[in-house]
Amino acid sequence: MDALNLISRSQGFYVRAIDDGPIEEWPEFFTDDAFYKVTTADNHSRGLPAGVIWANNKAMLKDRVSALKDANIYEPHAYRHMLGQPAILEEDRTGATSETSFLVLRVTGNGPTDVFASGRYLDEYVFIDGKALLKKRIVVCDSSRIDTLLVLPL
Amino acid sequence: MDALNLISRSQGFYVRAIDDGPIEEWPEFFTDDAFYKVTTADNHSRGLPAGVIWANNKAMLKDRVSALKDANIYEPHAYRHMLGQPAILEEDRTGATSETSFLVLRVTGNGPTDVFASGRYLDEYVFIDGKALLKKRIVVCDSSRIDTLLVLPL
Amino acid sequence: MDALNLISRSQGFYVRAIDDGPIEEWPEFFTDDAFYKVTTADNHSRGLPAGVIWANNKAMLKDRVSALKDANIYEPHAYRHMLGQPAILEEDRTGATSETSFLVLRVTGNGPTDVFASGRYLDEYVFIDGKALLKKRIVVCDSSRIDTLLVLPL
């Protein structure tokens, strides 16, 4: 399969794990030594290093899942990730670099659904056993208002 | 073509039939004995059988289209479906099981555009003559507020 | 690669150029003699010729980019395009005709993110050197409220 197919398949499962569970599967889309960061477009364009969320291995992502499950007790919302088509910047048989737009809806039980976050993924994928795993994902949020993102994986 | 390609192609046409017409094509994405249900995430997770919409063959879907055309007289809105990439759970040469996130925008002529519905499709596809047909689609809406969905196919 | 793959790849880069830049790349997704028009669903269905934006060659699109860059001085918003899967109506080795749904989010620095525009692309692609270029794109916006679109490419 080509890079677009591998990345699309991976991203379909990625958002499913976050939105519909089991959330424990979310770290499994990353390599053991993966780098993951959530930041804002403003910080990213100015080259500021501090992200909202930062991890440089899969174990830290697993810790986040535990924190998320605790936090969810107090946050009865549902989220729905929608991803665009990846723009594949580089690709070979072993991996690819790509960028993908995303939006996240927040759904309250009986209230309105609104756009919670939007932005783009800056990704480095490695292809292992016919699957695309994230070696690096920088999540660049369009808005600077993302404090509640502290619990939600993007 | 592989399962992702077949499903993506089918879904591109599926939403076009609903949003841009002809709406009469909508039932043609299903097999004759297809099962189609619209329910809420809350009902679905609790295993409650009653869905908002329920059909167990294509003829019932055609009846819905007729009802929709009548209802549209009173409802001058446009809708826009956006689908994510499918997460393909099982696949072989004859068909696939997949899940796909969706959102539906509601557009009023001169008013704001808002998110009308979001959720996920739980699908069983069969591949016939190079096309993916739905043998089963359960539409699980994120929100519990979906009464007006009674006329709109999802 | 097949038509879906070529179109999906092109569309991933197309929205990236508009949302994340460099915006100068946007005209490069069109052929030299491309036709590009932005109109409303109401005007389109009534066959009215006047579009909001109109161009019949790439040079005119480049002029728009210059106008956009000037206008951006006064408009500190970010936009995020999300595209659906293309419905491929016709295809052969040299090109394809397709339709694709889109939505555009508008993000203000510290304010809410809302749906700025939605609609569908009516496209004619030609495949050249393994890439899909637009020979024709008619952008049909769902809403009739699109005056501010005068600066934003869709």
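One structure accompanies this document, and this report is about it. (Residues numbered from 1 in each chain as written. Chains lettered and ligands numbered in written order. Predicted model: local features only at pLDDT ≥ 70, side-chain atom pairs only at ≥ 80, totals over all residues.)

**Some details on the relation of the copies chain C and chain A**
Cut-off, in case you're wondering: The copies were overlaid by least squares, fitting only the C-alpha atoms of residues that reach a pLDDT of 70 or more in each copy. Whether two residues are in contact is decided by their C-beta atoms, placed from the backbone, lying within 7 Å.
Superposing chain C onto chain A requires a rotation of 120° together with a translation of 0.0 Å along the rotation axis, leaving an RMSD of 0.0 Å. Considering both components of the superposition, the chain copies are consistent with a three-fold axis. Every residue of chain C has its C-alpha some distance from the rotation axis, and the shortest such distance is that of Gly 84 of chain C, at 4.2 Å. Little of the interface of chain C is mirrored in chain A, where only 5% of its interface residues again form contacts.

**Focus: the interface of chain C and chain A**
Let me state the cut-off plainly: Secondary structure is summarised from DSSP: a helix means a run of H or I of at least four residues, a strand means a run of E of at least two, and numbering begins at the N terminus for each.
Facing the 21 residues of chain C at the interface are 19 residues of chain A. Listed by contribution, the elements that provide at least two residues to the side of chain C that touches chain A are α1 (3-20), β3 (77-83), β5 (95-108) and β6 (113-128) of chain C. Looking at which element gives the most residues to the side of chain C that touches chain A, the answer is α1 of chain C, with 10 residues.

**Observations regarding the relation of the copies chain C and chain B**
The two copies are related by a screw operation: chain C maps onto chain B through 120° of rotation and 0.0 Å of translation along the axis, at an RMSD of 0.0 Å. When you check the interface residues of chain C against chain B, a mere 5% turn up at the interface there too, and the two sides of the contact use different surfaces.

**Quick notes on the pairing of strand β4 (residues 87-92) of chain C**
All names here are of chain C. The condition that has to hold: We call two strands paired when DSSP finds no fewer than two bridges between them.
Direction of pairing for β4 relative to β5: antiparallel, over a ladder of five bridges. Residue pairing in the sheet places Asp 92 in a bridge with Gly 95 of β5. Between β4 and the antiparallel strand that follows it, β5, lie two residues.

**A few points about the interface of chain C and chain B**
Cut-off, in case you're wondering: Gly is placed with the polar residues, together with every amino acid not listed as nonpolar (Ala, Val, Leu, Ile, Met, Phe, Trp, Tyr, Cys and Pro) or charged (Asp, Glu, Lys and Arg).
Each partner contributes residues to the interface: chain C has 19 residues there, and chain B has 21 residues. Where the side of chain C that touches chain B is concerned, the elements lending two or more residues are β4, β5 and β6 of chain C. Of the residues assigned to the side of chain C that touches chain B, the class counts are eight nonpolar, six polar and five charged.

**Some details on unusual backbone geometry**
Residues and elements named next belong to chain A. Geometrically, the link from Gly 21 to Pro 22 is a cis peptide bond, its omega value of 0° lying close to zero. Within the secondary structure layout, Pro 22 lies in the loop between α1 (3-20) and β1 (30-40). For Asp 129, which is not glycine, the phi dihedral falls at a positive 55°. Along the polypeptide, Asp 129 turns up in the loop between β6 (113-128) and β7 (131-141).

**Considerations on the nonpolar core**
Just so we agree on the cut-off: The nonpolar core criterion groups buried Ala, Val, Leu, Ile, Met, Phe, Trp, Tyr and Cys residues into a set whenever they are joined through C-beta atoms within 7 Å. Around each residue's C-beta, the other C-beta atoms within 10 Å are counted; 20 or more make the residue buried, 12 or fewer make it exposed, and counts in between make it partly exposed. All C-beta atoms are placed from the backbone.
Membership of the largest hydrophobic core comes to 126 residues, with the highest contact counts inside it found for Leu 105 of chain A, Leu 105 of chain B together with Leu 105 of chain C. Apart from residues lying up to four places away in sequence, Leu 105 of chain C is in contact with Leu 103, Val 115 and Ser 118 of chain A together with Tyr 79, Arg 80, Thr 113, Val 115 and Phe 116 of chain C.

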